[in-house]
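Results of the structural survey
Listed below, chain by chain, are the residues.
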Amino acid sequence: MTSSRLLPFVISSTLLSAVAVAQQGPAASPESSSGQNEAGVTPDRATDIASISSDRGIVTQPGRFTIEPSLSWAHSNSTLVAIEGYTVIPALLVGLINISEVQRDIFVGAVSLKYGFTSRFETALRVPYLVINEDVRERQAFQGTPVDTLRDSSGEGLGDVELSARYQLTDGMHGWPYLIGSFRVKTPTGESPYDVDQRVVRDNQGNPIGLELRERPTGSGFWSFEPGVSFIYPSAPAVLFGNLGYVWTLKEEKGFENGGTVDPGDIVRFGFGMGFAFNERTSFSLAYEHSVITKTTFEHDNDLLDSTFDRIQAGSLAFGLSQRLTPATSLSLTVNIGVTDDAPSSEITVRLPINL
């Protein structure tokens, strides 16, 4: 776990170095004092307000290079109940109940690089590094023991690197919002669940009751492609924004022991929100984000008792603050609160975009 101890210092050094570069950089960019639309909002201010989540701002200005270090922490807490028994009457159950509580913490340090080729087109690269810790507290499966057991696992390493391109369709003039089309590719550079070692979980009689990963994976193990569209509509004193995207994950052969050809299922993402600028430097945003994740399918699926839902709903409420530190640098803090069972309980993200 040496890398996990060094990670906060590496991120901190990156942030401090980047701020120093930004403070020595040029003065306010031309579009900071011009380029306002009818609502009197510049593209930079609209980007600060709408960037409550990544890649929701206006396209990077031509010739501008942006570096964005970020650090996030997501916490999940869930309880699983398994029952083996029979019901005498609707209020009386005879049998054994197994209750498991799972707590998971995911720390992600990432660096995003963006470059604007024209006034309407930009490309970006995002490189994440993950540190994952998971604790499971449970009673011995179906044994009726009063003693709790605690198991923990962890993992760290490079995550799935992302490449993206964005094209601005409109300029936000004459009552039109800014419309931005995007295309993102996620590469399987992280360690997938099929790459880590597994062990068989057995009860006291030695009967197999499931599989467990010896360490937490840091990647998905699949290529994915996400076309999407987003809008930003300045309407002083507020800015309205939203996005819609579809993630298509490429199915792959993972071996007969893993079910043959595995199709992770696709994802539909959407979100919307609004923000307010308190002054020229400080803004507040509120948004809702939702993902509909379809069921993973296997070529050789022999589980006749599979009761997995066809879709998973993950929704979260997000609110954030953005503070412009210098004409070329801003600091944003975003807090996400899960509102569905399958969303992380909470997530905190700090980003520091710096224009060079």
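See the structure above.
Because the structure is a prediction, the values reported are computed rather than measured. (Residues numbered from 1 in each chain as written. Predicted model: local features only at pLDDT ≥ 70, side-chain atom pairs only at ≥ 80, totals over all residues. Heavy atoms only, no water.)

Observations concerning the overall build of the chain
Tallying secondary structure elements over the chain gives three helices and 19 strands in all. Per-residue burial over the chain gives 39% buried out of 356 residues. When contacts within the chain are restricted to residue pairs at least 6 apart in sequence, those whose partners lie at least 24 apart make up 62%. Total accessible area computed for the chain in this model is approximately 19200 Å², and 60% of it derives from carbon and sulfur atoms. (Helix = DSSP H or I, 4+ residues; strand = E, 2+ residues; numbered from the N terminus. Buried < 20%, exposed > 50% of the residue type's maximum accessible area, 1.4 Å probe, protein only. Contact = heavy atoms within 4.5 Å. Areas by Shrake-Rupley, 256 points an atom, 1.4 Å probe, with all protein chains shown as cover.)

Comments concerning the pattern of salt bridges
For the structure shown, the criterion picks out 10 salt bridges. Here Glu 162 ties to Arg 126 by a salt bridge, and the two come within 3.8 Å at their closest N and O atoms. Residue Glu 162 is found in strand E5 (residues 162-168), and its partner Arg 126 is found in strand E3 (residues 121-139); the two are separated by 36 residues along the sequence. Note on Arg 126: relative accessible area 26%, which makes it partly exposed. Put simply, Arg 216 and Glu 134 hold a salt bridge, and the shortest N to O gap is 3.4 Å. (Salt bridge = Lys/Arg side-chain N within 4 Å of Asp/Glu carboxyl O.)

Focus on the environment of Tyr 246
Along the chain, the position of Tyr 246 falls in strand E10 (residues 238-249). Accessibility expressed as a relative area gives 39% for Tyr 246, which makes it partly exposed. With 22 residues separating them along the chain, Tyr 246 and Val 268 place their C-alpha atoms 4.7 Å apart. When neighbours within four sequence positions are excluded, Tyr 246 is seen to be in contact with Phe 225, Glu 226, Pro 227, Asp 266, Ile 267 and Val 268. Looking at Tyr 246, its side chain comes within polar contact range of the side chain of Asp 266, at 2.6 Å. (Polar contact = N/O pair within 3.5 Å; in protein donor to acceptor, adjacent residues only side chain to side chain.)

A closer look at the nonpolar core
Formed by Ile 58, Val 59, Tyr 178, Ile 180, Ile 232, Val 239, Phe 241 and Ala 287, the largest nonpolar core amounts to eight residues. Elements supplying a minimum of two residues to this core: strand E6 (178-186) and E10. (Core = buried A, V, L, I, M, F, W, Y, C linked by side-chain atoms within 4.5 Å.)

Thoughts on the side chain of Thr 60
With respect to the element layout, Thr 60 can be found in the loop between helix H3 (43-50) and strand E1 (65-89). A polar atom in the side chain of Thr 60 sits 2.4 Å from the side chain of Glu 122. Residues contacting Thr 60, with those up to four places away along its chain left out, are Thr 66, Lys 114, Gly 116, Thr 118 and Glu 122.

Re the sheet that holds strand E11 (residues 252-253)
In sheet architecture, strand pairing relies on hydrogen bonds along the backbone and comes in two forms, parallel and antiparallel. The sheet built from three strands is open, its strands ordered E11-E12-E15 with antiparallel pairing. Every interior strand has two partners, whereas the edge strands, E11 and strand E15 (297-298), have only one. Both E11 and strand E12 (residues 261-263) contribute to a ladder of two bridges, which runs antiparallel. Within E12, the position partnered with Glu 253 by the bridge is Thr 261. (Pairing = 2+ DSSP bridges.)

Points about the pairing of strand E14 (residues 282-294)
Of the pairings in the sheet, the one linking strand E13 (residues 267-277) to E14 comprises 11 bridges and is antiparallel in character. Residue pairing in the sheet places Phe 276 in a bridge with Phe 284 of E14. As consecutive antiparallel partners, E13 and E14 are separated by four residues. The sheet contact formed by E14 and strand E16 (residues 311-326) spans 13 bridges and is antiparallel. Its bridge partner lying in E16, His 290 is registered against Gly 315.

So, the pairing of E16
Regular strands place their side chains on alternate faces of the sheet. Bridge analysis of E16 against strand E17 (residues 329-338) gives 10 bridges, and the strand direction is antiparallel. Bridging across to E17, Ser 322 finds its partner in Ser 332. In sequence, E16 turns back onto E17 through a hairpin of two residues.

Focus on the packing of aromatic side chains
Using the criterion set out here, one finds seven aromatic pairs in the structure. Pairing Trp 73 with Phe 107 gives two aromatic rings, centres 6.4 Å apart and planes at 15 degrees, and the pair type is stacked. You can see Trp 73 sitting in strand E1 and its partner Phe 107 sitting in strand E2 (residues 92-116), a full 34 residues away along the chain. With a relative accessible area of 32%, Trp 73 lands in the partly exposed category. With 5.9 Å between their ring centres and 40 degrees between their planes, Phe 117 and Phe 121 make a pair best called tilted. Take Phe 117: its relative accessible area is 48%, and that puts it in the partly exposed class. Just above the ring of Phe 222 sits the side chain of Lys 254; from NZ or CZ to the centre is 4.7 Å. (Phe/Tyr/Trp six-rings, centres within 6.5 Å; stacked < 30°, edge-to-face > 60°. Lys NZ or Arg CZ within 6 Å of the ring centre and 35° of its normal.)

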